[in-house]
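# Remarks on the overall topology
What follows is each chain in one-letter form.
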Amino acid sequence: MPFTMRGNDVCSVISPSPLPAPYWVALSRSAADLIGLRLNDAGMPQDPQWLQLLAGNTLSVDSIQFSDPLATVYSGHQFGVWAGQLGDGRAILLGDIHGQELQLKGAGRTPYSRMGDGRAVLRSSIREFLCSEAMHALGIPTSRALAIVGSKQPIRRETMETAAICSRIAPSFIRIGHFEHFAATQNIVRLKELADLLLTHFYPECAKNQDQYLSLFKAISLKNAQLVAKWQSVGFCHGVLNSDNISALGLTIDYGPFGFVDHFEIDHICNHSDHAGRYAYHRQPQIMHWNMACLASAMLPLVELDYSAEDAQALLRSALEDFPIEYASQWQHLFRHKLGFFAEQDGDIELIERLLQAMHDSRIDFTSFFRSLSCIPKSMSPKDIALRNDFLDRDGIDSWFQDYLARLQIEALDDAARKLAMDQVNPKYILRNHLAQAAIEKAQGDDFSEVTKLLQILSRPYDEQLECGIYALPPSPDLNPVAVSCSS
Ligand code: AMP
Ligand code: MG
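Residues numbered from 1 in each chain as written. Chains lettered and ligands numbered in written order. Predicted model: local features only at pLDDT ≥ 70, side-chain atom pairs only at ≥ 80, totals over all residues. Heavy atoms only, no water.

### Considerations on the overall build of the chain
On a plain count of helices and strands, the chain comes out with 16 helices and 14 strands. Relative to its length of 488 residues, the chain is compact, with a C-alpha radius of gyration of 23 Å against a globular reference of 23 Å. When its C-alpha atoms are laid out on the principal axes, the chain stretches across 70 × 60 × 40 Å. Put simply, the chain has 488 residues, and 57% of those count as buried. Per element, the accessible surface of the chain, about 19700 Å² overall, is 52% carbon and sulfur. Averaging the locations of the 42 positively and 57 negatively charged side chains of the chain gives two centres separated by 4 Å. (Helix = DSSP H or I, 4+ residues; strand = E, 2+ residues; numbered from the N terminus. Rg over C-alpha atoms; globule rule 2.2 N^0.38 Å. Buried < 20%, exposed > 50% of the residue type's maximum accessible area, 1.4 Å probe, protein only. Areas by Shrake-Rupley, 256 points an atom, 1.4 Å probe, with all protein chains shown as cover. Lys, Arg positive; Asp, Glu negative; His and termini not counted. Charge placed at Lys NZ, Arg CZ, Asp CG, Glu CD.)

Quick look at the structure:
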């Protein structure tokens, strides 16, 4: 849907800065389908102008003319502290195509670039591209990635790297930070316009209610509670859950120093710059809740249009309390399914929590453990379960498996049917950091084949794939952990 708001208190119309001598690094066929982009037999756009469009070197392609590309202004809380005005510092929204917004990340400076160069490097573009498409295939709401175009233009980060642009697609890139911006600048007209835009295009069921702004708040908050439960269920850590990186549509956006947990640590920190662990795995739900509190304060003036100031505050406060309830219910549902519990029983949650504690204590690989769980027949004896050998406390895990197998007895599905159902929720393939890193290192030597290969594998994360077994393995212990930080 188009971002229809205009005016210099909302956005700046700005053209991308040209990227010299661009070349294709990768393209997602399924993202191309989403916007009706026609590809040739080689899987590339039929109209070669697309390369120039996605490099920011032209604004017209096929019969489309993007007449007013723009960068939007937003504000936000970064690492828990009010950061004031931010904005699309390196992302330029080209416009709307097939009901989706097309944005170029790394397309040059904008009025919101502050000290930044407006560019993105190949390394971070590959990570964002692969993870967006992997998350989509996992069934997790996310912005999509259409393509990466690269260039030899040098870019200074911690070392010298080269520039790239990742083209992103989403129905809308509106963030909590947009609300915070108009609330902080007391621009109530724009605040209302923003909420009305969301109500019309994305939350029409809320627009029917008398208390439409309160309903909108509740709906955004619940979507984000559901989102973070999904992240937890696949071991995904976002890395920078600042309020300007939280979508008003409940999408995963702004992939930076994200990471999937390999060897499970409940307090895993994926972002090297996050020294205090504010955005550690186990903190994500409470941090998302905190972000929803930021949204609630930003939306207070709107709720006050329908209620007295006192009632508006009380209603928003009470709506905010629905977040942990929704989160817990989604989390329980997802983890029950991961364990093969399709009926609900008292004691399930305790079993799940005992397992996660044991996995943490022995640093068990999160993804491959859950994937393997589906292979255990109900009639097996705990001592014959090979997975037990990975745990340090054998007696403890034997006792857990005993309770687990007893619990499985009451499931209606037989072993084969339960395996099928569990394999739909426990992925075999995720974008592990070491896999992304290997693809990046090859790409930095102009070999993009590993990016394409990973894209292919990760687009079917729940399927067994022939000869791809090594892509399912955790990093070997002698491999140095990949350090990812905010610098990208
Ligand atoms: P992030 O942590 O990546 O979400 O970025 C926070 C803010 O900094 C956003 O407003 C970005 O647009 C901006 N930003 C990040 N990197 C750059 C860059 N290289 N040039 C300009 N702005 C940037
Ligand atoms: Mg951001």
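That covers the picture; the talk isn't over yet.
### Some thoughts on the packing of helix H15 (residues 433-444) against helix H16 (residues 449-458)
Where H15 meets H16, the closest approach of the two axes is 7 Å, and the angle between their N-to-C directions is 150°. By the angle between their directions, the pair H15 and H16 is classed as roughly antiparallel. Contact residues: Leu-435, Ala-436, Ala-439, Lys-442 and Ala-443 in H15; Ser-449, Glu-450, Val-451 and Leu-454 in H16. Residues belonging to the contact of H15 with H16 are distributed by class as follows: six nonpolar, one polar and two charged. (Axes fitted to C-alpha atoms, helices over the stretch in contact; angles between N-to-C directions. Parallel < 35°, antiparallel > 145°, perpendicular 65-115°, else oblique. Contact = heavy atoms within 4.5 Å. Nonpolar A, V, L, I, M, F, W, Y, C, P; charged D, E, K, R; others polar.)

### Description of the site of ligand 1
The local shell around ligand 1 holds 17 residues, among which Gly-87, Gly-89, Arg-114, Gly-118 and Asn-245 are the closest. Take Arg-119: an N or O atom from its main chain is 3.3 Å from a nitrogen atom of ligand 1. Take Arg-157: an N or O atom from its side chain is 3.5 Å from a nitrogen atom of ligand 1. Taken domain by domain, the makeup of the shell around ligand 1 includes at least three residues from each of domain 1 (11-170) and domain 2 (176-332). (Near = heavy atom within 4 Å. Polar contact = N/O pair within 3.5 Å; in protein donor to acceptor, adjacent residues only side chain to side chain. Domains from an automatic or database assignment.)

### Observations concerning the domain arrangement of the chain
For the chain, the assigned domains are domain 1 (11-170), domain 2 (176-332) and domain 3 (339-423). Computed from C-alpha coordinates alone, the two centres of domain 2 and domain 3 are separated by 33 Å. Both sides together, the interface formed by domain 2 and domain 3 hides about 1000 Å², and carbon and sulfur atoms give 66% of it. Contact with domain 3 buries surface across domain 2, with His-263, Phe-264 and Trp-331 losing the most and accounting together for 52% of the total. At the junction of domain 2 and domain 3, the tally comes to one salt bridge. (Buried area = accessible area lost by both parts, 1.4 Å probe. Salt bridge = Lys/Arg side-chain N within 4 Å of Asp/Glu carboxyl O.)

### Observations concerning helix H9 (residues 309-320)
Because an α-helix packs 3.6 residues into every turn, residues spaced three or four apart end up facing the same way. The terminal C-alpha atoms of H9 lie 17 Å apart, and with twelve residues this matches the ideal 16 Å at 1.5 Å per residue to within 8%. Every buried residue belonging to H9 is among Ala-312, Leu-316, Ala-319 and Leu-320, and all of these are buried. Seen end-on, H9 carries its buried residues on one side only, within an arc spanning 100°. Of the residues in H9, the exposed ones pointing more than 90 degrees away from the buried face are Glu-310 and Arg-317. (Expected span 1.5 Å × (residues − 1). Arc of directions from axis to C-beta.)

### Here's the deal with the coordination of the magnesium ion (ligand 2)
At 2.0 to 2.2 Å from the magnesium ion (ligand 2) lie its protein donor atoms, namely Asn-245 (OD1) and Asp-254 (OD). Each member of the pair, Asn-245 together with Asp-254, is buried. (Donors = N, O, S within 2.8 Å, 3.2 Å for Na, K, Ca; no water.)

### Section: the environment of Tyr-327
Tracing the sequence through the fold places Tyr-327 in helix H10 (residues 322-338). Given a relative accessible area of 14%, Tyr-327 falls into the buried group. In contact with Tyr-327, other than residues within four places in its own chain, are Ala-225, Val-228, Ala-229, Gln-232 and Pro-285.

### Remarks on the state of the cysteines
Applying the stated criterion to the full structure yields zero disulfides. Between Cys-166, a free cysteine, and Cys-131, which holds the nearest cysteine sulfur, the sulfur-to-sulfur gap is 11 Å. (Disulfide = S-S within 2.5 Å.)

### Topic: unusual backbone geometry
At Asp-62, a residue that is not glycine, the phi angle is positive and equals roughly 45°. The residue Asp-62 is located in the loop between strand E3 (60-61) and strand E4 (64-65) in this model. Unusually for a residue other than glycine, Gln-186 sits at a positive phi of about 50°. Tracing the backbone through its elements, the reader meets Gln-186 in the loop between helix H4 (176-184) and helix H5 (188-201). A relative accessible area of 67% means that Gln-186 is categorised as exposed.

### Brief notes about the pattern of salt bridges
If you walk through the whole model with that rule in mind, you get 27 salt bridges. The shortest N-O distance in the salt bridge between Asp-254 and Arg-175 comes to 2.9 Å. Within this pair, whereas Asp-254 is found in the loop between strand E13 (236-237) and strand E14 (259-260), its partner Arg-175 is found in the loop between strand E12 (160-170) and H4, the two being separated by 79 residues in sequence. For Asp-254, a relative accessible area of 13% corresponds to the buried category. Among the residues examined, Arg-175 registers a relative accessible area of 1% and is labelled buried. Linking Arg-418 and Asp-415 is a salt bridge whose minimum nitrogen-to-oxygen distance equals 2.7 Å. Pair noted here: Arg-418 and Asp-415 are both in helix H14 (residues 415-423), with a separation of three residues, about one helical turn. On the accessibility criterion, Arg-418 (1% relative accessible area) is buried. The partly exposed category is assigned to Asp-415, whose relative accessible area is 27%.

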